[in-house]
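Read off the chains here:
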Amino acid sequence: MRVRFVNAGSDTAFRVAVGGHRMTVTHSDGFPVVPVPTDALLIGMGERFDVTLTLGDGVFPLLASAEGKKGRGFAVIRTAPGRPPTADVPIPELSRQTLLGTDLSPSDSVRLDRRSTDRRHDLVLGGSMAPYRWTLNGKTFPDTKPLPVVQGERVRLRFVNHTMMFHPMHVHGHTFALARGGTRKDTVILRPMQSVEVDLDADNPGQWATHCHNIYHAETGMMTTLSYQAQE
(Lines give C-alpha, C1' and ligand atoms only; values in the text may rest on other atoms or scores of the structure.)
Protein backbone atom coordinates (compact mmCIF):
# COMPACT_ATOMS: atom_id res chain seq x y z
CA MET A 1 0.00 0.00 0.00
CA ARG A 2 1.17 3.51 -0.76
CA VAL A 3 0.27 6.29 1.69
CA ARG A 4 0.81 10.02 1.36
CA PHE A 5 1.00 11.85 4.68
CA VAL A 6 0.21 15.59 4.58
CA ASN A 7 0.61 17.65 7.74
CA ALA A 8 -2.09 20.29 7.33
CA GLY A 9 -1.89 21.37 10.98
CA SER A 10 -1.45 25.02 11.94
CA ASP A 11 1.00 24.58 14.81
CA THR A 12 1.52 20.85 15.43
CA ALA A 13 4.18 18.43 14.23
CA PHE A 14 3.17 14.77 14.16
CA ARG A 15 5.06 11.54 14.75
CA VAL A 16 3.40 8.95 12.50
CA ALA A 17 3.59 5.13 12.56
CA VAL A 18 1.61 2.01 11.68
CA GLY A 19 1.40 -0.63 14.39
CA GLY A 20 3.27 -3.83 13.60
CA HIS A 21 4.86 -2.46 10.42
CA ARG A 22 7.82 -0.57 9.06
CA MET A 23 7.41 1.98 6.30
CA THR A 24 9.63 2.71 3.32
CA VAL A 25 9.87 6.43 2.54
CA THR A 26 9.80 7.11 -1.22
CA HIS A 27 9.04 10.84 -1.58
CA SER A 28 9.40 14.05 0.42
CA ASP A 29 7.36 17.14 -0.51
CA GLY A 30 6.55 15.39 -3.81
CA PHE A 31 10.16 14.68 -4.81
CA PRO A 32 11.53 11.11 -5.01
CA VAL A 33 14.18 10.08 -2.50
CA VAL A 34 16.42 7.06 -2.17
CA PRO A 35 13.95 4.62 -0.55
CA VAL A 36 14.70 4.10 3.13
CA PRO A 37 12.85 2.02 5.75
CA THR A 38 11.83 3.46 9.09
CA ASP A 39 9.51 2.77 12.01
CA ALA A 40 8.12 6.31 12.23
CA LEU A 41 8.21 9.75 10.60
CA LEU A 42 8.33 13.19 12.23
CA ILE A 43 6.34 15.48 9.93
CA GLY A 44 6.45 19.25 10.33
CA MET A 45 3.63 21.59 9.40
CA GLY A 46 3.37 21.78 5.61
CA GLU A 47 5.57 18.75 4.93
CA ARG A 48 4.41 15.77 2.85
CA PHE A 49 5.81 12.26 2.72
CA ASP A 50 4.97 9.23 0.58
CA VAL A 51 5.62 5.78 2.03
CA THR A 52 4.95 2.19 1.03
CA LEU A 53 3.88 -0.58 3.40
CA THR A 54 3.81 -4.34 2.94
CA LEU A 55 0.75 -5.17 5.02
CA GLY A 56 0.15 -8.27 7.05
CA ASP A 57 -3.24 -9.91 7.54
CA GLY A 58 -5.31 -8.31 10.26
CA VAL A 59 -6.45 -4.96 11.62
CA PHE A 60 -3.73 -2.41 12.40
CA PRO A 61 -3.61 1.06 14.01
CA LEU A 62 -2.30 4.06 12.11
CA LEU A 63 -1.38 6.77 14.59
CA ALA A 64 -0.33 10.40 14.29
CA SER A 65 0.93 11.51 17.71
CA ALA A 66 1.06 15.27 18.30
CA GLU A 67 4.72 16.05 19.06
CA GLY A 68 5.09 17.59 22.51
CA LYS A 69 1.33 17.43 23.12
CA LYS A 70 -1.24 14.92 24.32
CA GLY A 71 -3.43 14.74 21.21
CA ARG A 72 -3.36 11.96 18.64
CA GLY A 73 -4.99 11.20 15.33
CA PHE A 74 -6.10 7.59 14.91
CA ALA A 75 -7.17 5.41 11.98
CA VAL A 76 -7.44 1.69 11.24
CA ILE A 77 -5.98 -0.29 8.33
CA ARG A 78 -7.94 -3.49 7.77
CA THR A 79 -6.78 -6.33 5.52
CA ALA A 80 -8.66 -9.21 7.19
CA PRO A 81 -11.41 -9.85 9.74
CA GLY A 82 -10.57 -8.99 13.31
CA ARG A 83 -11.30 -6.78 16.30
CA PRO A 84 -10.20 -3.20 15.71
CA PRO A 85 -7.61 -1.75 18.12
CA THR A 86 -8.72 0.90 20.57
CA ALA A 87 -7.60 4.49 20.11
CA ASP A 88 -5.28 4.27 23.15
CA VAL A 89 -3.43 1.18 21.91
CA PRO A 90 0.34 1.49 22.44
CA ILE A 91 2.38 1.79 19.22
CA PRO A 92 5.98 0.70 19.93
CA GLU A 93 7.10 1.96 16.52
CA LEU A 94 6.62 5.57 17.68
CA SER A 95 9.62 5.23 20.03
CA ARG A 96 11.85 3.40 17.55
CA GLN A 97 13.68 4.71 14.48
CA THR A 98 12.17 8.05 13.45
CA LEU A 99 13.15 9.89 10.27
CA LEU A 100 12.98 13.60 9.43
CA GLY A 101 13.07 15.09 5.96
CA THR A 102 16.66 16.19 6.59
CA ASP A 103 17.67 12.53 7.01
CA LEU A 104 16.83 11.59 3.41
CA SER A 105 18.88 11.47 0.19
CA PRO A 106 17.47 12.60 -3.17
CA SER A 107 16.90 10.50 -6.23
CA ASP A 108 19.48 11.44 -8.85
CA SER A 109 16.65 12.54 -11.17
CA VAL A 110 15.77 15.53 -8.96
CA ARG A 111 19.18 16.77 -7.87
CA LEU A 112 19.93 20.41 -8.70
CA ASP A 113 22.64 20.80 -11.29
CA ARG A 114 26.06 21.73 -9.93
CA ARG A 115 26.84 25.43 -10.24
CA SER A 116 28.28 28.24 -8.17
CA THR A 117 26.18 30.29 -5.77
CA ASP A 118 25.37 33.80 -7.01
CA ARG A 119 23.81 35.21 -3.84
CA ARG A 120 23.52 34.29 -0.16
CA HIS A 121 21.05 35.33 2.51
CA ASP A 122 21.05 34.59 6.23
CA LEU A 123 17.70 34.26 8.00
CA VAL A 124 18.11 34.29 11.77
CA LEU A 125 15.04 32.94 13.56
CA GLY A 126 14.33 34.63 16.89
CA GLY A 127 11.55 35.19 19.39
CA SER A 128 10.00 33.83 22.53
CA MET A 129 6.76 32.64 24.10
CA ALA A 130 6.56 35.64 26.43
CA PRO A 131 6.00 38.02 24.84
CA TYR A 132 4.66 35.89 21.99
CA ARG A 133 6.72 37.42 19.19
CA TRP A 134 8.68 35.66 16.44
CA THR A 135 11.23 37.38 14.24
CA LEU A 136 13.44 37.04 11.17
CA ASN A 137 16.76 38.88 11.43
CA GLY A 138 15.45 40.72 14.48
CA LYS A 139 12.35 42.18 12.79
CA THR A 140 8.68 41.21 12.53
CA PHE A 141 6.73 41.22 9.27
CA PRO A 142 5.98 43.59 7.54
CA ASP A 143 9.11 45.34 8.87
CA THR A 144 11.41 42.45 7.95
CA LYS A 145 13.92 43.26 5.21
CA PRO A 146 13.05 41.52 1.90
CA LEU A 147 15.54 39.05 0.41
CA PRO A 148 16.56 40.48 -3.00
CA VAL A 149 17.23 38.05 -5.86
CA VAL A 150 17.57 38.36 -9.64
CA GLN A 151 16.04 35.94 -12.10
CA GLY A 152 18.49 33.21 -13.08
CA GLU A 153 20.55 33.30 -9.89
CA ARG A 154 21.42 30.33 -7.72
CA VAL A 155 20.57 31.51 -4.20
CA ARG A 156 21.66 30.00 -0.90
CA LEU A 157 19.47 30.59 2.15
CA ARG A 158 21.01 29.90 5.55
CA PHE A 159 18.37 29.43 8.25
CA VAL A 160 19.74 29.86 11.78
CA ASN A 161 17.40 28.98 14.64
CA HIS A 162 18.27 30.99 17.76
CA THR A 163 15.18 29.83 19.62
CA MET A 164 14.25 26.79 21.68
CA MET A 165 11.29 26.12 19.40
CA PHE A 166 10.74 23.90 16.35
CA HIS A 167 10.31 25.86 13.09
CA PRO A 168 9.36 24.38 9.68
CA MET A 169 10.55 26.99 7.18
CA HIS A 170 8.83 27.34 3.82
CA VAL A 171 9.45 29.34 0.63
CA HIS A 172 6.50 30.08 -1.65
CA GLY A 173 6.81 29.69 -5.40
CA HIS A 174 10.00 27.61 -5.29
CA THR A 175 11.51 24.35 -4.24
CA PHE A 176 15.02 24.03 -2.88
CA ALA A 177 17.75 21.50 -2.26
CA LEU A 178 19.33 20.92 1.11
CA ALA A 179 22.93 22.06 0.77
CA ARG A 180 23.96 19.04 2.80
CA GLY A 181 22.80 15.98 0.90
CA GLY A 182 20.77 17.62 -1.87
CA THR A 183 17.28 16.43 -0.88
CA ARG A 184 14.63 18.46 -2.73
CA LYS A 185 11.91 20.04 -0.59
CA ASP A 186 9.87 23.18 -0.09
CA THR A 187 9.58 22.98 3.71
CA VAL A 188 12.43 22.14 6.07
CA ILE A 189 12.40 21.56 9.82
CA LEU A 190 14.77 23.53 12.03
CA ARG A 191 15.13 22.12 15.51
CA PRO A 192 16.16 24.36 18.45
CA MET A 193 19.55 26.06 17.97
CA GLN A 194 20.06 24.31 14.60
CA SER A 195 21.20 25.75 11.26
CA VAL A 196 20.19 24.49 7.81
CA GLU A 197 21.34 25.75 4.40
CA VAL A 198 19.31 25.34 1.22
CA ASP A 199 19.89 26.23 -2.45
CA LEU A 200 17.21 27.42 -4.85
CA ASP A 201 17.12 28.61 -8.43
CA ALA A 202 15.49 32.02 -8.88
CA ASP A 203 13.30 30.94 -11.78
CA ASN A 204 9.84 32.23 -10.84
CA PRO A 205 9.73 36.04 -10.75
CA GLY A 206 7.49 37.67 -8.19
CA GLN A 207 7.26 38.59 -4.53
CA TRP A 208 7.17 35.34 -2.56
CA ALA A 209 6.42 34.81 1.12
CA THR A 210 9.18 33.06 3.07
CA HIS A 211 8.01 32.08 6.53
CA CYS A 212 7.68 29.65 9.38
CA HIS A 213 4.91 27.14 8.67
CA ASN A 214 3.69 27.37 12.26
CA ILE A 215 0.97 29.80 11.24
CA TYR A 216 0.98 31.50 14.66
CA HIS A 217 4.70 32.20 14.35
CA ALA A 218 4.14 33.62 10.85
CA GLU A 219 1.19 35.74 12.02
CA THR A 220 3.27 37.31 14.80
CA GLY A 221 6.21 38.16 12.57
CA MET A 222 8.38 35.24 11.37
CA MET A 223 7.98 36.02 7.70
CA THR A 224 9.68 37.98 4.94
CA THR A 225 9.62 38.18 1.13
CA LEU A 226 11.83 36.59 -1.51
CA SER A 227 11.87 39.69 -3.71
CA TYR A 228 12.81 39.61 -7.40
CA GLN A 229 14.64 42.71 -8.56
CA ALA A 230 15.16 44.08 -12.07
CA GLN A 231 18.50 42.99 -13.49
CA GLU A 232 20.98 45.86 -13.55
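Look a little higher up for the structure.
Residues numbered from 1 in each chain as written. Predicted model: local features only at pLDDT ≥ 70, side-chain atom pairs only at ≥ 80, totals over all residues. Heavy atoms only, no water.

Caption draft 1: Here's a closer look at the overall build of the protein chain. Along the protein chain, the regular secondary structure elements total one helix and 20 strands. Expected size for 232 residues packed as a compact globule is a radius of gyration near 17 Å; at 19 Å, the protein chain falls within 12% of this value. Expressed as lengths along the three principal axes of its C-alpha atoms, the size of the protein chain is roughly 70 × 45 × 25 Å. Split into buried and exposed, the 232 residues of the protein chain put 49% on the buried side. Partitioning the intrachain contacts of the protein chain with sequence separation of at least 6 by distance along the chain shows that 69% fall at a separation of at least 24. (Helix = DSSP H or I, 4+ residues; strand = E, 2+ residues; numbered from the N terminus. Rg over C-alpha atoms; globule rule 2.2 N^0.38 Å. Buried < 20%, exposed > 50% of the residue type's maximum accessible area, 1.4 Å probe, protein only. Contact = heavy atoms within 4.5 Å.)

Caption draft 2: Spotlight on the pattern of salt bridges. Across all of its chains, the model carries 19 salt bridges by this definition. Its salt-bridge partner being Arg4, residue Asp50 comes within 2.8 Å of it at the nearest N-O pair. Taken together, the residues Asp50 in strand β6 (residues 48-52) and Arg4 in strand β1 (residues 2-6) connect sequence positions 46 residues apart. We classify Asp50 as buried; its relative accessible area is 2%. Note on Arg4: relative accessible area 54%, which makes it exposed. The salt bridge involving Glu93 is made with Arg96; its shortest N-O contact spans 3.8 Å. Look at the salt bridges and you will find they share partners, linking Asp29, Glu47, Arg48, Lys185 and Asp186 into a network. (Salt bridge = Lys/Arg side-chain N within 4 Å of Asp/Glu carboxyl O.)

Caption draft 3: Quick look at a nonpolar patch on the surface. A cluster of nonpolar side chains, Met129, Tyr132, Ile215 and Tyr216, forms an exposed patch at the surface whose accessible area comes to about 390 Å². Its place among the elements puts Tyr216 in helix α1 (residues 215-219). Overall, Tyr216 belongs to the partly exposed group, its relative accessible area being 43%. (Patch = residues over 30% accessible without salt bridge, like charges linked within 9 Å, V, L, I, M, F, W, Y side chains within 5 Å. Areas by Shrake-Rupley, 256 points an atom, 1.4 Å probe, with all protein chains shown as cover.)

Caption draft 4: Seen up close, the side chain of Thr38. With respect to the element layout, Thr38 can be found in strand β4 (residues 31-38). Look at Thr38 and you get buried, because its relative accessible area is 0%. Among the polar contacts listed, one links the side chain of Thr38 to the backbone oxygen of Ala40, at a separation of 2.9 Å. If sequence neighbours within four positions are ignored, Thr38 has contacts with Arg22, Met23, Val25, Gln97, Thr98 and Leu99. (Polar contact = N/O pair within 3.5 Å; in protein donor to acceptor, adjacent residues only side chain to side chain.)

Caption draft 5: Examining the sheet that holds strand β16 (residues 184-185) more closely. What the six strands build is an open sheet, ordered β11-β10-β13-β18-β15-β16; its pairing is mixed. The sheet is open, and its two borders are formed by β11 (133-136) and β16, each paired with just one other strand. Here two bridges tie strand β15 (residues 176-178) to β16, and the two strands are oriented antiparallel to one another. Counterpart to Phe176 in the pairing with β16 is Lys185. (Pairing = 2+ DSSP bridges.)

Caption draft 6: Molecular detail of the nonpolar core. The biggest cluster of nonpolar side chains holds 23 residues, and the ones touching the most others in it are Leu157, Phe159, Met169, Val188 and Val198. Once residues within four sequence positions are removed from consideration, Val198 is found in contact with Val155, Arg156, Leu157, Phe159, Phe176, Ala177, Leu178, Ala179 and Val188. Listed in part, the 18 residues of the second largest apolar core include Met23, Val33, Ile43 and Leu104. (Core = buried A, V, L, I, M, F, W, Y, C linked by side-chain atoms within 4.5 Å.)

Caption draft 7: Structural detail: the sheet that holds strand β14 (residues 167-171). The five strands lie next to each other as β12-β20-β19-β14-β17, forming an open sheet whose pairing is mixed. Of all the strands in the sheet, just β12 (147-150) and β17 (187-190) have a single pairing partner and so form its edges. The sheet shows a mean angle of 20° between the axes of neighbouring strands, direction not considered. (Axes fitted to C-alpha atoms, helices over the stretch in contact; angles between N-to-C directions.)

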